[in-house]
Amino acid sequence: MKAMILRGISPVENEPLKMEEIPDPSPGPQQILVRISACGICHTELDEIEGRLPPRLPMVLGHQIVGRVEGLGLGATKFVLGDRVGIAWIHSACGKCHFCKRGNENLCLEFRGTGCHAHGGYAQFTVVSEDFAYLIPERFSDAQATPLLCAGAIGYRDLILSGIQKGQTLGLFGFGASAHIVIQLARYWGCNVFVFTRGETHRNLAKKLGASWASGPEDDPPGKVHCAIDFTPVGETVPRALRILEKGGRLVLAVIRKRNPIPPLDYAKLLWDEKEIKSVANVTRKDAQEFLSLAAEIPIIPEVQEFKLEEANQALILLKQGRIQGAGVLRIQDESE
Ligand SMILES: [Zn+2]
Ligand SMILES: [Zn+2]
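Remember, predicted model here, so these are calculated numbers, not experimental data.

**Student:** Which residues make up the packing of helix H3 (residues 142–162) against helix H4 (residues 177–188), and what values go with them?
**Tutor:** For any two helices packed against each other, the geometry comes down to the angle between their axes and how far apart the axes lie. Orientation of H3 relative to H4, taken along the N-to-C sense of each, is 55°, at an axis distance of 8 Å. Of the possible angle classes, the one that applies to H3 and H4 is oblique. In this structure, H3 crosses over H4, and the sense of that crossing is right-handed. Across from Pro-147, Leu-148, Ala-151, Gly-152, Gly-155, Tyr-156, Asp-158 and Leu-159 in H3, the residues of H4 making contact are Ala-177, Ser-178, Ile-181, Val-182, Leu-185 and Ala-186. Across the contact of H3 with H4, the residue classes tally to 10 nonpolar, 3 polar and 1 charged.

**Student:** Before we move on, could you go through the coordination of the zinc ion (ligand 2) and cite the residues and values that matter?
**Tutor:** In the first shell of the zinc ion (ligand 2), the protein supplies Cys-94 (SG), Cys-97 (SG), Cys-100 (SG) and Cys-108 (SG), at 2.3 to 2.4 Å from the metal. For the zinc ion (ligand 2), the 4 donor atoms in the first shell make angles of 103 to 118° at the metal, so the coordination geometry reads as tetrahedral. Counting the intervening residues between successive donors of the zinc ion (ligand 2) yields the motif C-x2-C-x2-C-x7-C. Here the two residues Cys-100 and Cys-108 agree in accessibility, since each one is buried.

**Student:** Talk me through the coordination of the zinc ion (ligand 1); I want residue IDs and the actual numbers.
**Tutor:** Protein coordination at the zinc ion (ligand 1) comes from Cys-42 (SG), His-63 (NE2) and Cys-150 (SG), with a distance range of 2.0 to 2.2 Å. Motif for the zinc ion (ligand 1), donor spacing along one chain: C-x20-H-x86-C. With His-63 in the loop between strand E4 (59–60) and strand E5 (65–72) and Cys-150 in helix H3, this pair connects stretches of sequence that are 87 residues apart. The exposure class of His-63 is buried, given its relative accessible area of 0%. Overall, Cys-150 belongs to the buried group, its relative accessible area being 7%.

**Student:** Before we move on, can you summarise the environment of Asn-204 with the specific residues and values?
**Tutor:** Considering the arrangement of structural elements, one finds Asn-204 in helix H5 (residues 200–208). Separated by 11 residues in the primary sequence, Asn-204 and Ser-215 have C-alpha atoms spaced 9.7 Å apart.

**Student:** Break down the sheet that holds strand E2 (residues 17–21) for me, citing the residues and quoting the values.
**Tutor:** In space, the 3 strands of this open sheet follow the order E2-E1-E4, with antiparallel pairing throughout. Each edge of the open sheet is held by one strand with a lone partner, namely E2 and E4. Taken together, the 2 bridges between strand E1 (residues 2–6) and E4 define a ladder with antiparallel strand orientation. Note on E4: the bridge partner recorded for Leu-6 is Met-59.

**Student:** Residues and numbers for the packing of aromatic side chains, please.
**Tutor:** How two aromatic rings sit relative to each other is given by the distance of their centres and the angle of their planes. Evaluated as defined, the whole model comprises 5 aromatic pairs. On the basis of an interplanar angle of 70° and a centroid distance of 5.8 Å, the ring pair of Phe-194 and Trp-213 is categorised as edge-to-face. Of this pair, Phe-194 sits in strand E12 (residues 192–196) while Trp-213 sits in strand E13 (residues 213–215), placing them 19 residues apart in sequence. Since its relative accessible area comes to 4%, Phe-194 is described here as buried. The ring of Phe-132 carries Arg-285 above its face, with NZ or CZ at 4.0 Å from the centroid.

**Student:** Break down unusual backbone geometry for me, citing the residues and quoting the values.
**Tutor:** With an omega of -10°, the peptide bond between Leu-57 and Pro-58 qualifies as cis. Along the polypeptide, Pro-58 turns up in the loop between helix H1 (43–49) and E4. With omega at -15°, the peptide bond leading from Ile-298 into Pro-299 counts as cis. With respect to the secondary-structure elements, Pro-299 resides in the loop between helix H8 (285–297) and strand E17 (304–308). Positive phi outside glycine occurs at Asp-273, with the angle close to 70°. Looking at where Asp-273 falls in the secondary structure, it is placed in the loop between helix H7 (267–271) and strand E16 (276–279). Its relative accessible area of 26% is what places Asp-273 among the partly exposed residues.

**Student:** Before we move on, could you go through the pairing of strand E18 (residues 327–331) and cite the residues and values that matter?
**Tutor:** For E18, the tally of buried residues reaches 5 of 5 residues, placing the bulk of the element in the interior. What you see with E18 is no split at all: Ala-327, Val-329 and Arg-331 on one side and Gly-328 and Leu-330 on the other are buried throughout. Alignment of strand E3 (residues 31–40) against E18, held across 3 bridges, turns out to be antiparallel. What sits directly across from Gly-40, in E18, is Val-329. Where E17 meets E18, 5 bridges bridge the pair, whose relative direction is parallel. Bridge pairing in E18 places Glu-306 opposite Val-329. Handedness of the crossover joining E17 and E18 through helix H9 (residues 312–320): right-handed.

Calculation criteria
- Residues numbered from 1 in each chain as written.
- Chains lettered and ligands numbered in written order.
- Predicted model: local features only at pLDDT ≥ 70, side-chain atom pairs only at ≥ 80, totals over all residues.
- Heavy atoms only, no water.
- Axes fitted to C-alpha atoms, helices over the stretch in contact; angles between N-to-C directions.
- Helix = DSSP H or I, 4+ residues; strand = E, 2+ residues; numbered from the N terminus.
- Parallel < 35°, antiparallel > 145°, perpendicular 65-115°, else oblique.
- Left-handed = near helix turned anticlockwise from the far one by under 90°.
- Contact = heavy atoms within 4.5 Å.
- Nonpolar A, V, L, I, M, F, W, Y, C, P; charged D, E, K, R; others polar.
- Donors = N, O, S within 2.8 Å, 3.2 Å for Na, K, Ca; no water.
- Tetrahedral: all angles 85-135°; square planar, octahedral: opposite > 155°, others 65-115°.
- Buried < 20%, exposed > 50% of the residue type's maximum accessible area, 1.4 Å probe, protein only.
- Pairing = 2+ DSSP bridges.
- Phe/Tyr/Trp six-rings, centres within 6.5 Å; stacked < 30°, edge-to-face > 60°.
- Lys NZ or Arg CZ within 6 Å of the ring centre and 35° of its normal.
- Right-handed = clockwise from strand over helix to strand, strands pointing away.

This is the structure:
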């Protein structure tokens, strides 16, 4: 099969992903073989490529995978050939540790990430345990469904962990793939949303999707926010978000890694009054499943910008520059094929 392979850590501008021909994977016991049609791109891939979250090497990146079941391993019974399935960031968890037993498999001591510890979706085929794949609701195209699997499922987790209540005001810092899905959920729950982002096009999209106010990260909104979610890869956003957070409010940090340090925080001005900061780690199967159903019901239809598999480096460079509208998706095979 064809795959875009990462063999060494490097700035993404050096275009480190190379197209190679490698053997097709074959499904082990309780695994399924998936013929991939589309795979979303994510900031986490930039963290992997540039060494902030080093993957096992060599690695096929990509953890927002949509494709069709093409083969069944010994004892795999949950799907039939041809089923359209999705694979998310959680590739496996042990099921036995104290985190797994309490439903926090995202914190599992043996957590394995798709496209980080096991080959992912920048390729024509992949394999995964049948317990870690999800049926994709019919109303989404393959490309539309990909961002639901990370940007969407983790965004859903971010929103739940923020503790936001119906009718409250939510602040979103950064407006990429995840935020543009989260705003639709928040609006569905009757929340008022302020968006802080630099790009004019991102601000316009935010307003189109229901933000009552959208401006730059340094600008003062018309009021305080009860909860905030920071999707940006930079540290400076943290004190800015805390400054406009209501007493007793919570700031959720949605990224796996920040590109630069969080500046020192003035305790009296920014943290006192029972303000909280919480990070979000990974995603559970329950998050992915619940969110896929909810997205189909609302519905949330992500905006996608498509690229070819061999354009993965260029797509990731655009992502780093904040120049992708909605979610970037690698098209691996046409849906008609
Ligand atoms: Zn992701
Ligand atoms: Zn575990």
